[in-house]
Amino acid sequence: VQLQASGGGLVQAGGSLRLSCAASGRTFSMYTMDWFRQAPGKEREFVAAISWSGTTTNVADSVKGRFTISRDNAKNTVYLQMNSLKSEDTAVYYCARPIRPLGGVLQGREYGYWGQGTLVTVSS
């Protein structure tokens, strides 16, 4: 399985970006998908997760109301729509797939695959 993240870039505070993560393979629709981020000098943190069916999501408090996670199983792709961006959102964003299929969206799951990351820089 390969995860290819894209869509990062430089944006002004208050702006928007949409990240995409395209997955290879035929089992994409069986797995919850997650987004994480890591800012310079900080630990990686959970951003959002979406269930395999797309019916349940979990979004970190730090981005709730600004970020939305979605997926298109026909395209093997998960998205992260980021609105009202702040300078503190500057980070490398990673998509990840858990080890176990058909799981929930709560944090604490183990991950088997990670994308290569896409850099989001928000200028103030």
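Everything that follows concerns the structure shown earlier in this document.
Residues numbered from 1 in each chain as written. Predicted model: local features only at pLDDT ≥ 70, side-chain atom pairs only at ≥ 80, totals over all residues. Heavy atoms only, no water.

The tally for this structure, following the rule as stated, stands at 6 salt bridges. For the salt bridge of Glu 45 with Arg 37, the shortest nitrogen-to-oxygen distance reads 2.5 Å. Among the ionic pairs, Arg 37 bridges to Asp 89, the shortest N-O distance being 2.9 Å. With a gap of 52 residues between them, Arg 37 in strand E4 (residues 33–38) and Asp 89 in the loop between strand E8 (77–82) and strand E9 (91–98) connect regions that are remote in the sequence. Per residue, the accessibility class of Arg 37 equals that of Asp 89, and both read buried. Each member of the salt-bridge network shares a partner with another, and the members are Arg 37, Glu 45, Arg 66 and Asp 89. (Salt bridge = Lys/Arg side-chain N within 4 Å of Asp/Glu carboxyl O. Helix = DSSP H or I, 4+ residues; strand = E, 2+ residues; numbered from the N terminus. Buried < 20%, exposed > 50% of the residue type's maximum accessible area, 1.4 Å probe, protein only.)

Extensive coverage of E8 is indicated by the burial of 5 of its 6 residues. Here 6 bridges tie strand E7 (residues 67–72) to E8, and the two strands are oriented antiparallel to one another. Note on E8: the bridge partner recorded for Asp 72 is Thr 77. (Pairing = 2+ DSSP bridges.)

Right, let's talk about the environment of Ser 84 for a bit. Inspection of the secondary structure puts Ser 84 in the loop between E8 and E9. Once the C-alpha coordinates of Ser 84 and Ser 53 are considered, the two residues, 31 residues apart in sequence, prove to be 27 Å apart.

Bringing the side chain of Asn 76 into the picture now. The residue Asn 76 is located in the loop between E7 and E8 in this model. Under the relative-accessibility criterion, Asn 76 is labelled buried at 18%. Not counting residues up to four positions away in its chain, the partners in contact with Asn 76 are Cys 21, Ala 22, Ala 23, Ser 24, Gly 25 and Phe 28. (Contact = heavy atoms within 4.5 Å.)

Together, Met 30, Trp 52 and Leu 102 line one region of the surface with nonpolar side chains, adding up to about 290 Å² of accessible area. Mapped onto the secondary structure, Trp 52 falls in the loop between strand E5 (45–50) and strand E6 (57–59). The exposure class of Trp 52 is partly exposed, given its relative accessible area of 38%. (Patch = residues over 30% accessible without salt bridge, like charges linked within 9 Å, V, L, I, M, F, W, Y side chains within 5 Å. Areas by Shrake-Rupley, 256 points an atom, 1.4 Å probe, with all protein chains shown as cover.)

This paragraph deals with the packing of aromatic side chains. This structure, assessed with the given rule, holds 4 aromatic pairs. The interplanar angle of 80° and the centroid separation of 5.8 Å between the aromatic rings of Phe 36 and Phe 46 together place this pair among those described as edge-to-face. Taken as a pair, Phe 36 in strand E4 and Phe 46 in strand E5 lie far apart in primary sequence, 10 residues in all. Here the two residues Phe 36 and Phe 46 agree in accessibility, since each one is buried. Measuring from centroid to centroid gives 5.4 Å for Tyr 111 and Trp 114, while their planes differ by 55°, and the two rings are tilted. (Phe/Tyr/Trp six-rings, centres within 6.5 Å; stacked < 30°, edge-to-face > 60°.)

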